[in-house]
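Observations on chain architecture
Chain by chain, the residues:
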Amino acid sequence: MPESINLLREFDDTIINKLQESYAKKTKIDDLKGITISHEPFTHCVIQNLVSDPSFVSELNSEIQSKLKYHKKNNDLYQFHQTQDLGKNKSKYLSKFRDQFLYGQFLEFLKKITNINLSSTKIDVTSSKYEFSDYLLCHDDNINQDQHGRRIAFIYYLVPEDWCEDGSDGGNLDLFRVNEHFEPVQIVKSLIPRRNSLAFFEVSDSSFHQVAEILSKNKTRLSINGWFHGPVNPKAKKKTEILSGLNSYESVEPDIFFEWITERYLKPINQTGIQMKFSSSSEIKLDKIFHFNISVNKQIHILYD
Ligand SMILES: O=C(O)CCC(=O)C(=O)O
Ligand SMILES: [Fe+2]
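Read on for an overview of the structure. (Residues numbered from 1 in each chain as written. Chains lettered and ligands numbered in written order. Predicted model: local features only at pLDDT ≥ 70, side-chain atom pairs only at ≥ 80, totals over all residues. Heavy atoms only, no water.)

**Focus: the coordination of the iron ion (ligand 2)**
Protein ligation of the iron ion (ligand 2) involves His139 (NE2), Asp141 (OD) and His209 (NE2), the donor distances falling in the range 2.1 to 2.3 Å. Every donor residue of the iron ion (ligand 2) comes from the same chain, spaced as H-x1-D-x67-H. Here histidine 139 is found in strand β7 (residues 135-139), whereas its partner histidine 209 is found in strand β12 (residues 209-211), with 70 residues between them in sequence. Overall, the relative accessible area of 5% leaves histidine 209 in the buried class. (Donors = N, O, S within 2.8 Å, 3.2 Å for Na, K, Ca; no water. Helix = DSSP H or I, 4+ residues; strand = E, 2+ residues; numbered from the N terminus. Buried < 20%, exposed > 50% of the residue type's maximum accessible area, 1.4 Å probe, protein only.)

**Quick notes on the pairing of strand β9 (residues 173-178)**
Extensive coverage of β9 is indicated by the burial of five of its six residues. Here β9 pairs with strand β10 (residues 184-191) via six bridges, running antiparallel. Bridging from a neighbouring strand, valine 178 pairs with proline 184 of β10. Here β9 hands over to β10 after five residues, with phenylalanine 182 in that stretch at a positive phi of 60 degrees. (Pairing = 2+ DSSP bridges.)

**Some points on the packing of aromatic side chains**
Evaluated as defined, the whole model comprises eleven aromatic pairs. On the basis of an interplanar angle of 65 degrees and a centroid distance of 5.8 Å, the ring pair of phenylalanine 106 and phenylalanine 228 is categorised as edge-to-face. Taken as a pair, phenylalanine 106 in helix α3 (residues 92-114) and phenylalanine 228 in strand β13 (residues 221-231) lie far apart in primary sequence, 122 residues in all. For the pair formed by phenylalanine 106 and phenylalanine 228, the shared burial category is buried. Looking at lysine 129, its charged tip hangs above the ring of tyrosine 70, at a distance of 4.5 Å from the centre. Here the guanidinium or amino end of arginine 221 rests over the ring plane of tyrosine 130, the centre of that ring lying 5.1 Å away. (Phe/Tyr/Trp six-rings, centres within 6.5 Å; stacked < 30°, edge-to-face > 60°. Lys NZ or Arg CZ within 6 Å of the ring centre and 35° of its normal.)

**Considerations on the site of ligand 1**
In the vicinity of ligand 1, the contacting residues are Leu136, His139, Asp141, Ile155, Tyr157, Leu173, His209, Val211, Arg221, Asn225 and Trp227. A distance of 2.7 Å separates an oxygen atom of ligand 1 from a polar side-chain atom of tyrosine 157. Within the side chain of arginine 221, an N or O atom sits 2.8 Å from an oxygen atom of ligand 1. Relative to its unbound accessible surface of 290 Å², ligand 1 loses 94% to contact with the protein. Among the secondary structure elements, those contributing two or more residues to the shell around ligand 1 are β7, β8 (148-157), β12 and β13. Per-element accounting of the shell around ligand 1 gives the leading share, three residues, to β13. Broken down by class, the residue content of the shell around ligand 1 amounts to six nonpolar, three polar and two charged. (Near = heavy atom within 4 Å. Polar contact = N/O pair within 3.5 Å; in protein donor to acceptor, adjacent residues only side chain to side chain. Areas by Shrake-Rupley, 256 points an atom, 1.4 Å probe, with all protein chains shown as cover. Nonpolar A, V, L, I, M, F, W, Y, C, P; charged D, E, K, R; others polar.)

**Here's the deal with the pattern of salt bridges**
Applying the stated criterion across every chain yields a total of eight salt bridges. Notably, a salt bridge pairs aspartate 30 with lysine 28, separated by 3.9 Å at the nearest N-O pair. Each of the two residues, aspartate 30 as well as lysine 28, counts as exposed. Among the salt bridges present, the one from aspartate 169 reaches lysine 219, with a minimum N-O distance of 2.7 Å. (Salt bridge = Lys/Arg side-chain N within 4 Å of Asp/Glu carboxyl O.)

In short, the description is geometric, and any link to function would need to be established separately.
Now the structure itself:
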């Protein structure tokens, strides 16, 4: 195994400057040493042939498929398999990819191109596996955060070499245009995953995307993906959606709140656990959160009063 893995071939300053300029001025770059930057529907970048050593790519591919544990994720918004956060995983190739590449060369590259002061201590990393009929419906990756949060989403693809270029295997990363209310309205770009390529984009209130359903019955869409963190872009702060006529939670009297919520959710220790789980997996299921004796009518009355 090589001592260090190289992000692409070496980049000289002329290339870095061109990429920086394209990112800042929203001009298009089409295949500059395998790198493409486009701004429709939102700024995104694809780097082909990311890791220069092909044997590293196949070792990494076999290692994650044989050593990592994938858990089924399934609800009405998605269906695929994913590992836990791999921040502390010690597998040989994966840890090299994470520590030398993501926390090293690639972080420096991203900071220069995007001009964002990305954190050098917090990168979320997981691996995802999509098989026949799996999908991930439209979402923006943008979760409410105060000071620090997800800034750059990245996906490194380890699909088989023969993943169809015409889209017939499915699994495109579809990008949506938003309307004036920042609602996703239409797919205007579809990125076909390619082995050893990496896509990244800035997380914002308009970065809506989805993984289209996998159509291939025998190919696996494997990836290493996650988020680089940094100071939250104030412009990307999500507006809290309050349905018209629906009271905001601040207007619910404390007494009513305590009457509703079951005791276990009021214990600080449980709240800390919930917060940690939610921060790491961005989702949580809270069983029996309301007392049974609170009637549906009463709930509706309080909400819509
Ligand atoms: O795999 C991809 O192309 C995108 C994955 C994604 O959007 C996510 O995991 O949030
Ligand atoms: Fe996403």
